[in-house]
Amino acid sequence: MSIWMQAYLTPSAQAVKFAIKTSLAMLLALYLALWFDLDRPYWALISAAFLQIRPMSGMVIEKGLCQIGGTFVGAVVGIAILGLFAQARIPALTTLTLWVMLCVYGSSLLRNNFSYGCIMGAVTAMLVVVIASSQPGNAFDIAVARLSEIGLGAICATLVSALLWPVRVKEHLAREADKAINQAFVHADQRLAATQDLEALQTSLTASLESLSLLEGDSQAARYEDPNGAGRIRATHVLTRRALRFLALLAALHQILQEHGDRIGSDIKALAGAIGKGFHEAKHVEGVTGARRKLQDLRRQAHGYKDASLDPLQRRLLFGLQEALGHALVMLDAREAIAHPGDKQLRAGALSWHRDRLSALLNAGRAGIVFACLATFWIQAHWSNGQVAMLMGTLFSAIFATRDNPVAMASMFFKGMVAAIPTAFLFGHVLLSQASGFPLFAMLVITPLFIGLLGAGEPRLMGYCLSFTIFNILLTMPSNGMDFSLDHFINRALAVIIGLSVVMMGFRLVPGLGATLRRRRLIHAISSDLQRIGQPSVQEAEANFSGHMVDRILQLAKHDDTLPEDQRHLFMLGLNGLDVGRVCLRLRYRFDNAPAPVQRAQREVVATLAQAYEDSANGKQPVGIAQAGQALKEAIEAHGDPRANRSELLEGLMERLALILERQAKVMAGQTSPEVKTRAGEAHA
């Protein structure tokens, strides 16, 4: 069957529950809004619908708070604009345009529900200014009504989410943690087996990183569910940090095994293969305890390997295998702490996220252009429904701006809107005009909404079906004093079409940053973070660097998907940058409290590695790595830890990094043949 037939003929239990819960939340909001005789009850419906998109109890509470907070700030700003420019429409709309741009800029830099709060601030200010422009004295009443409608929808959504088939954020975090760890273990098996299957490597790595990114974004909502929420958040931070170190280390070990296998003894190769197989088996072991026992056995086997004849690179590989197992055990501890935070106390600060301010400025400028065009049209046409078109432009130019493909998203919503016009006319105009009593009224209003929500339970249809639901509400606008005239309905439909059409034109005429520019900015951002990694405290440096790299590697992976197979080396840049940063952080953890000469030598190594990464990413051969490593080795022997094995491990580490960055420079400079490029891309992607 097609995806549409599956969604409606054989819907999943989760999709049915989602449709029922959201429909009940909207019905409750509609009943109370009509009972309280609010001016625009449909805003309560839209509020309840948006909050139920991810119907986890903690997520609904957090989104509701952000929604109400953004609405309150937007209402205050709208009143202030009217207070300053009550009799001057052009200055008022100009100031409002700047506010909309500021909100979209903030939305582009923030995450999840806080981004949504910024959008609500822009929409509310726009509504207050536009609706009250003819009667500035009513601005306060309009702002209060808007807050009441949004707050009512949020309360209804929260109650239904908590009482009917409640879904907890903690359960969602546990599932995503399982996915992240399992995919990381699959990736470890592939890496340690020195596979050349590019697609399999990229699939497992991307799946693990996407789950980690989702974990970090959603974990903050756990604080609203129970007192253990803070412990789950800390455990999530630990899991993300360790998983990133784990994945970066695996990429480095893979290169050594694949490209320098002639220098690695058969015994160590066999050990690496056995550990990789052990990771794969641990993925299938039921429960964290069984998986931990499996990895502990492998760790004892790795630590038990003794051979005095190993050279520095071989010793570094062996130590890397031991280190990978250590990271994996901590990841399992973090997974257990997410499910049972009281049993394990893990400490970790929050991660920072990559923020592209140029992209945010572009989004803000595009939203400002869209709003200015619609505002000009509204003024020139003297059209009362122009405010609906302005609402569409403000809301969707902000929402779509943060998507990977805003043009495709806008097109999807446009199709859903077109499908909503006949159903809204039939149910919300023809049939609803004959309804008497709330039960029949509610049944006619909710029928098309339930149809849309049932389809929205299928993630691949979410864009079409959610827009179908929202536009049915906007085209019907249920209230106590509805106007069922045909011309009123046509005017609303035209306003919705015009508003969304201008948004689509805005994204086509003012596109986002091009793929080449985005790639260059991501590489420059990685280089800049490596340069700054020695400046703040080591804990702050790790939080900043690790958080930034999750986003960057995912973006580089998406860009790689658009390239021919022999040019997929952007993943290599991301993983190598993560590996170099991990090494720099490790050196800081070890030597930040060492004697002054050792600290100076360590800082020189960090600066040299950062510069070497930037040079190699630009196609230049890195220089000075061996010399900086030798200087640190001598400083350690003179003032720090004189143990020989530590010196050999440091020497092997510097050699490994030099080999990685030399290969990266060759690939980026195009000095290797296409066949070697392909192999290099497979080794790192």
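Computed from a predicted structure; not experimentally measured. (Residues numbered from 1 in each chain as written. Predicted model: local features only at pLDDT ≥ 70, side-chain atom pairs only at ≥ 80, totals over all residues. Heavy atoms only, no water.)

Is there a simple way to explain the overall build of the protein in this structure?
In terms of helices and strands, the protein carries 26 helices and 0 strands. The C-alpha atoms of the protein give a radius of gyration of 28 Å, which matches the 26 Å a tight globule of 685 residues would have. Its C-alpha atoms give the protein principal-axis dimensions of roughly 90 × 50 × 45 Å. The 685 residues of the protein split such that 55% are buried. Within the protein, residue pairs in contact and separated by at least 24 positions form 80% of the contacts whose partners lie at least 6 positions apart. Counting every atom, the protein has about 27,400 Å² of accessible surface; 57% of that belongs to carbon and sulfur. For the protein, the centre of its 65 positive side-chain charges and the centre of its 55 negative side-chain charges are spaced 2 Å apart. (Helix = DSSP H or I, 4+ residues; strand = E, 2+ residues; numbered from the N terminus. Rg over C-alpha atoms; globule rule 2.2 N^0.38 Å. Buried < 20%, exposed > 50% of the residue type's maximum accessible area, 1.4 Å probe, protein only. Contact = heavy atoms within 4.5 Å. Areas by Shrake-Rupley, 256 points an atom, 1.4 Å probe, with all protein chains shown as cover. Lys, Arg positive; Asp, Glu negative; His and termini not counted. Charge placed at Lys NZ, Arg CZ, Asp CG, Glu CD.)

So what exactly am I meant to see when it comes to the packing of helix H17 (residues 438–456) against helix H18 (residues 462–476) here?
If you want to describe how two helices pack, look at the angle between their axes and the distance between the axes. Put simply, H17 and H18 touch, their axes get as near as 7 Å, and they point 160 degrees apart. Regarding the angle of H17 to H18, the classification is roughly antiparallel. Where H17 crosses over H18, the two elements pack in a sense that is left-handed. On the side of H17, the interface is formed by Pro 448, Leu 449, Gly 452, Leu 453, Gly 455 and Ala 456, while H18 contributes Met 462, Cys 465, Leu 466, Phe 468, Thr 469, Asn 472 and Ile 473. Partitioned by chemical class, the residues of the contact of H17 with H18 number 9 nonpolar, 4 polar and no charged. (Axes fitted to C-alpha atoms, helices over the stretch in contact; angles between N-to-C directions. Parallel < 35°, antiparallel > 145°, perpendicular 65-115°, else oblique. Left-handed = near helix turned anticlockwise from the far one by under 90°. Nonpolar A, V, L, I, M, F, W, Y, C, P; charged D, E, K, R; others polar.)

Looking at this structure, how should I read the layout of surface pockets?
In this structure, the second largest pocket encloses a volume near 430 Å³. In terms of lining, the second largest pocket is formed by 20 residues, of which the most central are Arg 40, Tyr 42, Met 477, His 488 and Arg 492. Going through the elements one at a time, helix H3 (42–51), helix H6 (112–131), helix H15 (386–401), H18 and helix H19 (486–509) are the ones with two or more residues in the lining of the second largest pocket. With 3 residues, the single largest contributor to the lining of the second largest pocket is H15. Each residue belonging to the lining of the second largest pocket can be placed in one class, and the counts come to 9 nonpolar, 7 polar and 4 charged. (1 Å grid on protein atoms, 1.4 Å probe; cavity = no way out; pocket = protein on both sides within 12 Å on 5 of 7 lines; lining within 4 Å. Points joined across faces, edges and corners; volume = space filled by probe spheres on them.)

Please explain the packing of aromatic side chains as it appears in this structure.
The description of an aromatic ring pair uses the distance of the two centres, along with the angle that the planes make with each other. For the structure shown, the criterion picks out 15 aromatic pairs. Ring centres of Tyr 31 and Phe 438 lie 5.1 Å apart, and the angle between their planes is 70 degrees; this geometry places the pair in the edge-to-face category. With Tyr 31 in helix H2 (residues 13–35) and Phe 438 in helix H17, this pair connects stretches of sequence that are 407 residues apart. Here the aromatic residues Phe 396, Phe 400, Phe 413, Phe 471 and Phe 507 are joined through ring pairs into a cluster of three or more. When the ring centre of Tyr 116 is taken as reference, the NZ or CZ atom of Lys 63 above it lies at 4.7 Å. (Phe/Tyr/Trp six-rings, centres within 6.5 Å; stacked < 30°, edge-to-face > 60°. Lys NZ or Arg CZ within 6 Å of the ring centre and 35° of its normal.)

I tried to follow the side chain of His 172 on my own but got confused; where do I start?
Position of His 172 among the secondary structure elements: in helix H8 (residues 169–192). Residues in contact with His 172, not counting those within four places in the same chain, are Arg 54, Met 56, Leu 214 and Asp 218.

When you look at helix H10 (residues 229–259) in this model, what are you seeing that I'm missing?
Given 3.6 residues per turn, any residue in an α-helix points the same way as the ones three and four places further on. The first and last C-alpha atoms of H10 sit 45 Å apart over 31 residues, in line with the 45 Å expected at 1.5 Å per residue. Most of H10 is tucked away, with 26 of its 31 residues classed as buried. (Expected span 1.5 Å × (residues − 1).)

Which parts of the structure should I look at to understand the environment of Gly 629?
As for its position among the elements, Gly 629 is in helix H24 (residues 625–639). Separated by 24 residues in sequence, Gly 629 and Leu 653 place their C-alpha atoms 8.8 Å apart. Excluding its chain neighbours within four sequence positions, the residues that come into contact with Gly 629 are Val 605, Leu 650 and Met 654.

Just to check I follow, could you spell out the pattern of salt bridges for this structure?
Evaluated as defined, the whole model comprises 18 salt bridges. One salt bridge connects Arg 54 with Asp 218, and the closest N-O pair in it is separated by 2.6 Å. In this pair, Arg 54 sits in the loop between H3 and helix H4 (57–84) while Asp 218 sits in helix H9 (residues 198–218), placing the two residues 164 residues apart along the sequence. The exposure class assigned to Asp 218 is buried, which follows from its relative accessible area of 0%. Here Lys 294 and Glu 281 are joined by a salt bridge, their closest N and O atoms 2.7 Å apart. Taken together, the residues span a long stretch of sequence, with Lys 294 in helix H12 (residues 288–303) and Glu 281 in helix H11 (residues 266–284) at a distance of 13 residues. With a relative accessible area of 31%, Glu 281 lands in the partly exposed category. Within the structure, one salt-bridge network assembled from shared partners comprises Glu 323, Asp 579, Arg 582, Arg 586 and Arg 656. (Salt bridge = Lys/Arg side-chain N within 4 Å of Asp/Glu carboxyl O.)

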